[in-house]
Amino acid sequence: MAAPFPHRYDVRVEGGTGGAVISAPPRPEFRGGAPAEFDGRDDWWSPEHLLLSAAGLCLKTTFEAISGRARLPVLGYTSRVEGTLDKTSAGLVFTAITIAVELVVGEEDAGRAEALLRKAKEHCIVANSLKTPVALTVSVKAATPATPA
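Presented here is an overview of the structure given in this document. (Residues numbered from 1 in each chain as written. Predicted model: local features only at pLDDT ≥ 70, side-chain atom pairs only at ≥ 80, totals over all residues. Heavy atoms only, no water.)

## Looking at the sheet that holds strand β3 (residues 30–32)
Argument step 1. One open sheet holds the three strands; their spatial order is β1-β2-β3, and the pairing between them is antiparallel. Sheet topology places β1 (12–14) and β3 at the edges, where each strand pairs with a single neighbour. Direction aside, neighbouring strands of the sheet carry axes that sit 30° apart on average. (Pairing = 2+ DSSP bridges. Helix = DSSP H or I, 4+ residues; strand = E, 2+ residues; numbered from the N terminus. Axes fitted to C-alpha atoms, helices over the stretch in contact; angles between N-to-C directions.)

See the structure below:
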């Protein structure tokens, strides 16, 4: 680990009415606000989209760390994160979050890749910080070696 714990993070959210600018220099700024479902705009990053993005990106970076230590060559990684926001007795909450991951690895690594991805899910900081359970679906595709022409 490059830095000792605790790690601290700082993000600014600035704006009047009508959205905000989110920044955490030296990273690029971006616009955010309510989604269209709450009278916001489709071209803003909403808190709902950012939460799902954080869960998906956390799983990917955790998997990269674990698969790197295991020396697993990963040829492709694609994920889709879906969340359902609904009314409950506790108010509006995400009632379901699912991360569907498609991995591409060598034929001999398919079983190991899925096990390492499931281990990464167990160690995902964002998913572990949420009240809503995060489900994982995995599809592993084995890349076959190209045949010489």
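## Details of the pattern of salt bridges
Oppositely charged side chains can pair when the atoms bearing their charge come close.
Argument step 1. Under the defined criterion, the tally for this structure stands at seven salt bridges.
Argument step 2. With its nearest N and O atoms 3.3 Å apart, the salt bridge here joins Arg12 to Glu14.
Argument step 3. Residue Arg12 is classed as partly exposed on the basis of its relative accessible area of 48%.
Argument step 4. Between Arg80 and Glu82 there is a salt bridge, and its shortest N-O distance comes to 3.2 Å.
Argument step 5. For Arg80, a relative accessible area of 57% corresponds to the exposed category. (Salt bridge = Lys/Arg side-chain N within 4 Å of Asp/Glu carboxyl O. Buried < 20%, exposed > 50% of the residue type's maximum accessible area, 1.4 Å probe, protein only.)

## Some details on the side chain of Ser23
Argument step 1. Relative to the helices and strands, Ser23 is located in strand β2 (residues 20–23).
Argument step 2. For Ser23, a relative accessible area of 7% puts it in the buried group.
Argument step 3. When residues no more than four places from it in sequence are discounted, the contact partners of Ser23 are Val11, Arg12, Glu14 and Glu29. (Contact = heavy atoms within 4.5 Å.)

## Considering the sheet that holds strand β6 (residues 134–143)
Argument step 1. Spatially, three strands are ordered β4-β5-β6 in an open sheet, and the strand pairing comes out mixed. Taken across any chain shown, the strands that pair with only one partner, and hence form the sheet edges, are β4 (74–88) and β6. Averaged over all neighbouring strand pairs, the angle between strand axes comes to 15°, with direction disregarded.
Argument step 2. Bridge count for β4 against strand β5 (residues 91–106) is 14 bridges, and the pairing is antiparallel.

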